[in-house]
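What follows is each chain in one-letter form.
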Amino acid sequence: MSSEIRFTDFKSDKQPTWCPGCGDFGTMNGMMKALANTGNDPDNTFVVAGIGCSGKIGTYMHSYALHGVHGRALPVGAGVKLANPDLEVMVAGGDGDGYSIGAGHFVHAVRRNVDMTYVVMDNRIYGLTKGQASPTSREDFETSTTPEGPQQPPVNPMALALASGATFIAQSFSTDAQRHAEIVQKAIEHDGFGFVNVFSPCVTFNDVDTYDYFRDSLVDLAEEDHDPTDYDAAKDAILDADKEFQGVVWQNEESVPYGEKHGVTEDMSQVDEGAPEGAMDLVREFY
């Protein structure tokens, strides 16, 4: 790790194709600033992304990266981290990728507590597929496929994480640049699974959960005398349906990451020459 790294070192030479004004620009910039501020550099950083607008982020960041399949970014990220604990692993996804098809992986990634960071760009809509309701869309949110709204309550990502045994839960707003970067940095520095749900407005398909809406509605927990180490206070904040908030809502300071707990601390990415006896026969059986 180097103290000379700047956040611009994480920018690739590929120009983003996100819509002008997309919240994902701010989300990505905050991620890069947080990585640089924690002393990481592109050579020791691995970014895994799923499907959706957020899935392109590995192309736009200069680091090791893998663009996976829908909802499956978290198990790939966990595998990378356990194979090479020296890497800084960051998984990026969207509300559809993470809380719909990837919801099962989300629950188990949270409870395993692998030492990596999960940043979800939550715009409360499916943007890449042109504006369908997502798991976090409002119950009355009208789209082309839900003209009367989904007619079911939205998923509460933080409640799901808390119930799954999360050791770090936070929420941020992509356009609040400094605060967003600070929150992601805290997630990176956490010993265990750092989860950050980011309000990242979709300017093309969501005219309800807009920048102005979040600016007017957001409450910063840091200004509310919230104690993120108080489990009951965290639960109360998460279940308060009348508030939109940003900040670190819960952090278990006694968290022990999966690798440390189970003795998976050695670099397994370098395979010794020669496969184990019978391994190739097994491979050929399924080829």
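Residues numbered from 1 in each chain as written. Predicted model: local features only at pLDDT ≥ 70, side-chain atom pairs only at ≥ 80, totals over all residues. Heavy atoms only, no water.

- In the nomenclature of an unreviewed UniProt entry, the protein chain is known as 2-oxoacid:ferredoxin oxidoreductase subunit beta of Halogeometricum luteum.

## Details of helix H5 (residues 103–112)
Turning to step 1, where the next piece is worked out: Burial in H5 covers these residues: Ala103, Phe106, Ala109 and Val110. Along the axis of H5, the buried positions cluster into a sector of 120°, meaning they face one direction only.
Turning to step 2, where the next piece is worked out: Against helix H3 (73–83), helix H4 (95–101), strand E4 (117–122), helix H6 (157–163) and strand E6 (194–199) lie the buried residues of H5.
Turning to step 3, where the next piece is worked out: Looking one or two residues beyond H5, the residue adopting positive phi is Asn113, at roughly 65°. (Buried < 20%, exposed > 50% of the residue type's maximum accessible area, 1.4 Å probe, protein only. Helix = DSSP H or I, 4+ residues; strand = E, 2+ residues; numbered from the N terminus. Arc of directions from axis to C-beta. Contact = heavy atoms within 4.5 Å.)

## What to know about the pattern of salt bridges
Turning to step 1, where the next piece is worked out: In this structure the tally under the stated criterion is 8 salt bridges.
Turning to step 2, where the next piece is worked out: For Arg124, the salt bridge is made with Glu244, and the minimal N-O distance between the two is 3.0 Å. A residue pair is termed long-range when its members are at least 10 positions apart, and Arg124 in the loop between E4 and H6 and Glu244 in strand E8 (residues 244–251) qualify at 120 residues. Side by side, Arg124 and Glu244 carry an identical accessibility label, which is buried. (Salt bridge = Lys/Arg side-chain N within 4 Å of Asp/Glu carboxyl O.)

## Looking at the sheet that holds E8
Turning to step 1, where the next piece is worked out: The 8 strands lie next to each other as E2-E1-E3-E4-E6-E5-E8-E7, forming an open sheet whose pairing is mixed. The open sheet has two edge strands with one neighbour each: strand E2 (64–67) and strand E7 (218–220). Mean inter-strand twist for the sheet, computed between neighbouring axes without regard to direction, equals 20°.
Turning to step 2, where the next piece is worked out: Inspection of the sheet shows strand E5 (residues 168–173) paired to E6 by 5 bridges, in the parallel sense. By the bridge assignment for E6, Ile169 is matched with Phe195. (Pairing = 2+ DSSP bridges. Axes fitted to C-alpha atoms, helices over the stretch in contact; angles between N-to-C directions.)

## Describing the packing of aromatic side chains
Turning to step 1, where the next piece is worked out: A full pass over the atoms with the stated rule returns 12 aromatic pairs.
Turning to step 2, where the next piece is worked out: Aromatic side chains Tyr118 and Phe193 sit 6.2 Å apart centroid to centroid with 50° between the ring planes, which places their arrangement in the tilted category. Taken together, the residues span a long stretch of sequence, with Tyr118 in strand E4 and Phe193 in the loop between helix H7 (177–189) and E6 at a distance of 75 residues.
Turning to step 3, where the next piece is worked out: By relative accessible area, Tyr118 is classed as buried at 2%.
Turning to step 4, where the next piece is worked out: Classification of Phe193 by relative accessible area gives buried; the value is 1%.
Turning to step 5, where the next piece is worked out: Connected via pairs of aromatic rings, a cluster forms that spans Tyr99, Phe106, Tyr118, Phe193 and Phe195.
Turning to step 6, where the next piece is worked out: Arg138 extends its terminal NZ or CZ atom over the ring of Tyr213, reaching a point 4.8 Å from the ring centre. (Phe/Tyr/Trp six-rings, centres within 6.5 Å; stacked < 30°, edge-to-face > 60°. Lys NZ or Arg CZ within 6 Å of the ring centre and 35° of its normal.)

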